[in-house]
Structures are given as C-alpha cells and as structure tokens.
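Breakdown of the fold
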Amino acid sequence: MTTTSSPDAVRRLRDDVVGRGLVEVLPAAFLAGVTRFGRPPAAELDVLTADATALAGRLAAGDVGDGDLPLLTRVLHVAGHADLLAAHGVPGPAYDVLGSFRENLTRPLGPRQTERPTAGARRWPLLGRTVGFPIGVPACVLNGSEAWVRHNVANGWNVLTYKTVRGRAHPANEQPNWVFAAREITSLQPGADADVVADPWDWVAPGSATVSSVNSFGVPSPAPEEWMADLERALAAVGDEQLLLVSVMGEGDDLAADFAGTALMAQEAGAPVVELNLSCPNTLDRSAAGVKPPLCLDADATVAVVEHVRRSLDDRTGLVAKLSWLDEPSLAALVLRLAPLVDGVAGINTVQSRVRRSDGTPTFPGRELAGLSGIAVREPALDFTRRLVALREGGGFHFDVLAMGGVTDPASFEALFAAGADAVQSAAGAFASPFLARDCIAALAETLPRAVEAP
Ligand SMILES: Cc1cc2nc3c(=O)[nH]c(=O)nc-3n(C[C@H](O)[C@H](O)[C@H](O)COP(=O)(O)O)c2cc1C
C-alpha cells in the first residue's frame, strides 16, 4: 500500500516545520499529547522523549531523511499538527483522538485527493440504486457531518453511512473515546472473546494493514435540529455515484417508538435509506460493566423495533438493519424474521470486549467494555457475511448485504465482496489509512465483478 506521496515529502515537511518556528516546541507538544490521558511507564516515556528530542535536533540541523518520516508523522500528529501532514500529502490518522467528539465533528484530518478516485463508468447495484466502486465508510465518527461526507467522497468512498444520530442531544462518554489496539495485529476467531490491552498513547503507523482499535464514544448525537440541517447539506453534497445512508438509534422505555421517531426525522431530512443501529456495544448502563449488551442479542426486542420503524417510514425509504456478529442459530432465527421487513442487512459492528491499560486499569474510565474493530474482527466479519449471504440465498430473500469488519487493504475488501457483500465499508481501516479507498479502486476497479450498466 502506498503510504508516502513523494520522495522529498520529508524535506518539504522539514522546511515547513522550521519555517513555522515549530522545532523547539515540538518535543514538549508531543509529550503533552502522549500523556494527555495518563502516563506511560517510565521506560517507555523515556524512549519517546529521547526519540522526539533527537528528531527535533535533526530537524534543526536539516539532517532528516526518508527514514525519519514514520517518527515525524507520529510526532506532528500527536503534537496537534495533522494539518501540516495533510498539506504535504503525508497520511496520518483521519481523526484526532486527543480532541473531543465536538472538536472533530467538522474537522476531518488527513490528505484529500486532488482528483476523486473512480472506477470510470462502472457502476454496482445497491439498495435499488447504482453506485460507483462499492467501498465506503460505515456509521462512525468518520462520517458525522457534512464536512466528513465531503472529505470522504473526495477520497473515493462511495457508500457512506451518516453516524448514528438520536432523537435528542446526547453527550459523548468521557475521553478517551478511541484508542489504537496496537497489540491486536491478527484476527480473533469468530465468536471468541477478546481481552484487549490498549494504552491511550499507543500508535499504529498510518497505512498499516494490521490496524485494530477500541472505541467507547457512547453514541453521542447533536440535537435533531442540528443534525437534520447538517444532513440535508450532506445529502446535497453527494453525487449520483454515492449513496448516503443515515444511521439512527432509539432510547428510553418505548424503544421501538423512539427508534421510529428518529427514523422519521432522518426521512424528513431527505435520507433515502435509514440504517438502524441494533448493535451498539457502547450504550451506557448502571450495571457493573458500565455498558449494555447490543440490542440485537434480544431477537424479540429487535424485531419489534424493526417492525415499528418499517410501519412508520414511507415505502420509498430504504431500511437497513445493522447487526453484531451472532452465532449460527441466533443469526438464522433473526434473519428469517427481519428479511421481510428490510432492504439490507449491515454488519458486523465492533465486538464488545474487555479493555484494560498495560497497568491493569480500565482504558476508558468507568467502562470496562468497549468496541473492538479492525483486523482483530476480520475473521468474525467474514464468517458473519458468508452465513448471512447463505441465509439470503437459501431463503430466497432479496436484501442487500453491507459488510464491514477488518477491511484494511484491497485483499480484505475483496474477500468480503467475494463472500457476497453488495458493498463493503471500513472504519478502523479508514482511520489508519486515508488512501485506502484509492488503493482498493486502483487494485480492483477493472476486475471487480457484478458491475451493471449505469441507468
Ligand atoms: C470510532 C468508531 C465509532 C463507531 N460508531 C458507530 C456508530 O455510531 N454506529 C454504528 O452503527 N457503528 C459504529 N461503529 C462501528 C463501525 O461502523 C463498524 O461496524 C465496525 O467498526 C467494524 O468495522 P471496522 O473493522 O472497519 O472498524 C463505530 C466504529 C468505530 C471504530
């Protein structure tokens, strides 16, 4: 995968850093970022301090080369200068995990392609429409506003799900909310529990195909007046090669009615397709673990929600149910009941996992459980998609499948598509690799099967 834009990126970046007078303040700003949510063990902090100080010395002396780019990227990003990396076309994480949900809402990070990557005139069918190359970003903080939608479209992502919104404003959980799970570099087996060790200062190099992350945002949402107006603008910003779905979630005692009310707000704002987040692993609860299990583990409650929403929405509005990984009998039973009600099934959501720091304390204060995704959930996602597609074929159903989980490179995109997905999305991969859609399109635009004539 391509990670750098040009061979002299380091030199140009160095000149810019020096020109802006940043060299001297860089080590302290980097260490402030590293220690924002806790202090690394002394030995680790010493190494990071020495590395950043030595890098500043080389920058001042004009003695930096290509080999310095990984450290320079980390130091600039963590020190709050992601904009500099983007300006020089150098990939970094697409989201500022040190900033709040609000601060990130209108500020996508990372380079933007000057020319939108496309598969030319080729189109693929999806939810009664056609789209360009069927790769996208699922419901997550990388798709929480018009600004993000525009950014993602420019970088080649065509199947975008606007981040889950609610029927009333809801704050994010206490920070940190999103941490690299740098030790999780292989996939769990389907159904396996994960016990994750992740420190807030952990780092994964941009473009890494083995990225995993854990998140605990708690499904924050702006107030409906705010998100509905923003959503209207976001819908106006997508072209006929893209599809913008809108993810919604209900809450409270009358869960089905609240889901339906929120879905109606999305429809009123112009959403062509509503996705129901039936699988959130981060909903706060007063239980010992601090969070509830995903709703889709309760089949009756899930079906009640989907039925209520289907009855409430206009027939022309598409409906997608987003699920977590479920075992064989649970998925089979649920799909049988959902298939007549929905136009699509999406999955998997993050895998609810126990997450601790290397010193044993919770990575996310007050929440023992959080959502794991990226390469760690690749096999569960493949397993879920294969079984979902088999249930569709076996039952003679017609719903589309939006697959996600562990897509971090063209091969993992292709594996989910080959399993029968109609579109494939990536959250952790898009976070770590802003050029992922471009790389998948470059590798597969001409050969990806199941294309159709544009209408
Ligand atoms: C930071 C973050 C926030 C997410 N927020 C949502 C959300 O609001 N609604 C939702 O349905 N899924 C959410 N997800 C789950 C993703 O849409 C996706 O299902 C999951 O991350 C698996 O894909 P991945 O392995 O590519 O990350 C979130 C994931 C991440 C990483």
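Above this note sits the structure.
These notes cover the structure that comes with them. Here the structure is a predicted model, which is why all the values come from computation and not from measurement. (Residues numbered from 1 in each chain as written. Predicted model: local features only at pLDDT ≥ 70, side-chain atom pairs only at ≥ 80, totals over all residues.)

What to know about the site of the ligand
The condition is simple: Here, nearness means that the C-beta atom of a residue, built from backbone geometry, sits within 6 Å of the molecule or strand in question. In this description a helix means any DSSP run of H or I spanning at least four residues, a strand means any run of E spanning at least two, and both kinds are numbered starting from the N terminus.
Taken together, 27 residues lie around the ligand, and Pro138, Cys140, Ser373, Ala427 and Ala428 are the ones closest in. Mapped onto the shell around the ligand, the elements with two or more residues apiece are strand S4 (159-165), strand S7 (212-215), strand S13 (369-374) and helix H14 (428-432).

Looking at the sheet that holds S13
Note on sheets: strands pair through backbone hydrogen bonds, and any given pair is parallel or antiparallel. Worth spelling out the cut-off: Strand pairing follows a simple DSSP-based rule, namely that at least 2 bridges must link the two strands. Think of each axis as a best-fit line through the C-alpha atoms, taken over the contacting stretch in the case of a helix, with angles from 0 to 180 degrees between the N-to-C directions.
Read across the open sheet, the 5 strands follow the order S5-S7-S13-S12-S6; overall the sheet is mixed. Looking at the sheet topology across the chains shown, the edges are occupied by strand S5 (178-180) and strand S6 (195-197). Here the strands of the sheet are splayed against their neighbours by 40° on average, with no regard to which way each runs. In the sheet, S5 pairs with S7 via 3 bridges, with the strands oriented antiparallel. When the bridges of S7 are listed, Val179 appears paired with Val214.

Digging into unusual backbone geometry
Omega for the bond connecting Gln175 with Pro176 falls within 30 degrees of zero, at 0°, which places this linkage in the cis form. Here Pro176 shows up in the loop between S4 and S5. Here Gly347 and Ile348 are connected by a cis peptide whose omega angle stands at 10°. Along the chain, the position of Ile348 falls in the loop between strand S11 (344-347) and strand S12 (351-356). The backbone of Leu127 sits at a positive phi, close to 50°, despite the residue not being glycine.

Quick look at the packing of helix H9 (residues 255-268) against helix H10 (residues 299-312)
In a packed pair of helices, the relevant descriptors are the angle between the two axes and the axis-to-axis distance. Put simply, the rule reads: Any angle between 65 and 115 degrees counts as roughly perpendicular, while under 35 counts as roughly parallel, over 145 as roughly antiparallel, and the rest as oblique. For any helix crossing, the convention is left-handed if the near helix is rotated counterclockwise from the far helix by under a right angle, and right-handed if that rotation is clockwise. We call two residues in contact whenever the C-beta atoms placed from their backbones are within 7 Å. The residue classification treats Ala, Val, Leu, Ile, Met, Phe, Trp, Tyr, Cys and Pro as nonpolar and Asp, Glu, Lys and Arg as charged. All others, Gly included, are polar.
Close contact between H9 and H10 brings their axes to 8 Å; oriented N to C, the two are set at 40°. Classified by the angle their axes make, H9 and H10 are oblique. For the pair H9 and H10, the sense of crossing is right-handed. On H10, the residues that touch Leu255, Ala256, Ala257, Phe259, Ala260, Ala263 and Leu264 of H9 are Ala301, Ala304, Val305, His308, Val309 and Ser312. Residue classes in the contact of H9 with H10 are distributed as 11 nonpolar, 2 polar and no charged.

Remarks on the nonpolar core
Note that soluble globular proteins tend to have their nonpolar side chains buried in a common cluster. As a reminder of what qualifies: Here, a nonpolar core means buried Ala, Val, Leu, Ile, Met, Phe, Trp, Tyr and Cys residues linked by C-beta atoms lying within 7 Å of one another. Remark: C-beta atoms are placed from the backbone, and a residue is labelled buried if 20 or more other C-beta atoms sit within 10 Å of its own, exposed if 12 or fewer do, or partly exposed between those counts. By convention here, the domain bounds are inherited from an automatic or database domain assignment.
Counting 139 residues, the largest nonpolar core has Leu142, Val345, Leu416 and Val424 as the members making the most contacts within it. The residue makeup of this core includes at least three contributed by each of domain 1 (9-87) and domain 2 (112-444). Apart from residues no more than four positions distant in its own chain, Val424 is found in contact with Pro134, Ile135, Ala403, Met404, Val407, Phe413, Leu416 and Phe417.

Let's talk about the pairing of S12
Two strands pair when backbone bridges link them, and S6 and S12 are joined in this way by 3 bridges, in the parallel orientation. Counterpart to Val197 in the pairing with S12 is Arg356. As paired elements, S12 and S13 share 4 bridges and run antiparallel to each other. Bridge pairing in S13 places Arg354 opposite Leu369.

Digging into the pairing of strand S9 (residues 273-277)
Heads up, the rule is: Seen with its strands pointing away from the viewer, a crossover is right-handed when the path leading from the first strand over the helix to the second is clockwise.
The buried fraction of S9 is high, at 5 of 5 residues. The alternating pattern of S9 places Val273, Glu275 and Asn277 on one face and Val274 and Leu276 on the opposite face, and all of these are buried. Taking the sense of rotation as the criterion, the β-α-β connection linking strand S8 (residues 243-248), H9 and S9 turns out right-handed.

So, the environment of Pro329
Position of Pro329 among the secondary structure elements: in helix H11 (residues 328-338). Taking the number of C-beta atoms within 10 Å as the measure of exposure, Pro329 has 8 and is therefore exposed. As for Pro329 and Arg367, which are separated by 38 residues in sequence, their C-alpha atoms are 30 Å apart.

A short note on the sheet that holds S11
A sheet is described by the order of its strands in space; here 8 strands give the open sequence S3-S15-S14-S11-S10-S9-S8-S4, paired in parallel fashion. Each edge of the sheet is formed by a strand with only one pairing partner; in this case those strands are strand S3 (135-136) and S4. Of the pairings in the sheet, the one linking S8 to S9 comprises 3 bridges and is parallel in character. Looking across to S9, one finds that Ser247 is bridged to Glu275. Against the sheet, helix H12 (residues 378-395) touches S11 and strand S14 (400-404), its axis set at about 175° to S14.

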